[in-house]
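Single-letter residue listing:
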Amino acid sequence: MFFSKKARSTLPAHFLPRPALLQDTLHNLPDIWTVKEDVQVTHLHTCTVLISTHGCFLVFPQDTAGVILHNPRSLIVNDQNLMPQVAMVQQSTQSFERVTGSRAQALMVFRQLVEPDELRAKRLFDSTVREWEIDTVKILTWESLKPYLQQFKSKTLQVEETVQLTLSLRKLALP
């Protein structure tokens, strides 16, 4: 149940982004980004790996959309406790880091997340930043992924390190 094939939402249709937005975002990143899809991180989970001189990011897409209740140690979406999924993402990220020898930032990317007051008002507030941090996992929406990645300006990896990291992904890539 970690990755559901069926999109689950309790939100009105006008809150939801168009279905292709996540793929469009991943495939339209600037050329400095390497995108590797379907990377086998553990025996159960695959993810999309984004690599640039700004760092390495593991994207774990979630089709769920709904109301988010959160604090730094708890994540609830649509009245469902998602902390087991957060723990699995953390474990997968640690496995990735062990295999590649490189640090990575885990990103759980949801179709849409809204605060309870936005649902009551029946509109999205422009002032809401759709980024949350639960333990060591960044929680984003499809629409907030690209702005999140664009905020990184300093280089944390050398070009040679990004090449080496990309090559080490061959061990994890699905056939």
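Everything here concerns the structure above.
My aim in this report is to walk through the structure given alongside it, one point at a time.

Quick notes on the rules
Residues numbered from 1 in each chain as written. Predicted model: local features only at pLDDT ≥ 70, side-chain atom pairs only at ≥ 80, totals over all residues. Heavy atoms only, no water. Helix = DSSP H or I, 4+ residues; strand = E, 2+ residues; numbered from the N terminus. Buried < 20%, exposed > 50% of the residue type's maximum accessible area, 1.4 Å probe, protein only. Expected span 1.5 Å × (residues − 1). Phe/Tyr/Trp six-rings, centres within 6.5 Å; stacked < 30°, edge-to-face > 60°.

A look at unusual backbone geometry
Negative phi is the rule for most residues except glycine; trans is the rule for most peptide bonds. Here the phi dihedral of Asn78 falls at roughly 55°; this positive angle occurs in a residue that is not glycine. Checked against the element boundaries, Asn78 lands in the loop between strand 4 (74-77) and strand 5 (80-81). Residue classification places Asn78 among the partly exposed positions, given a relative accessible area of 23%. Backbone geometry at Asp79 places phi at a positive 60°, although glycine is not the residue there.

Notes on helix 2 (residues 83-100)
Between its first and last C-alpha atoms helix 2 spans 26 Å; for 18 residues at 1.5 Å apiece the expected length is 26 Å, and the two agree. Listed as buried for helix 2 are Met83, Gln85, Val86, Val89, Gln90, Ser92, Thr93, Ser95, Phe96, Glu97 and Thr100. Immediately downstream of helix 2, the backbone of Gly101 shows phi near 70°, a positive value.

Description of the packing of aromatic side chains
To describe a pair of aromatic rings, you give the distance between the ring centres and the angle between the ring planes. This structure, assessed with the given rule, holds four aromatic pairs. Where Phe57 meets Phe152, the ring centres are 5.2 Å apart and the plane angle is 50°; that geometry is what we call tilted. One end of the pair, Phe57, is in strand 3 (residues 55-71); the other, Phe152, is in the loop between helix 4 (142-150) and helix 5 (159-168), and 95 residues separate them in sequence. The buried category is assigned to Phe57, whose relative accessible area is 3%. Using a relative accessible area of 25% as the deciding quantity, one classes Phe152 as partly exposed. When the ring of Tyr148 is compared with that of Phe152, the centres are 5.2 Å apart and the planes differ by 85°; the resulting orientation is edge-to-face. We classify Tyr148 as buried; its relative accessible area is 4%. Here the aromatic residues Trp33, Phe57, Tyr148 and Phe152 are joined through ring pairs into a cluster of three or more.

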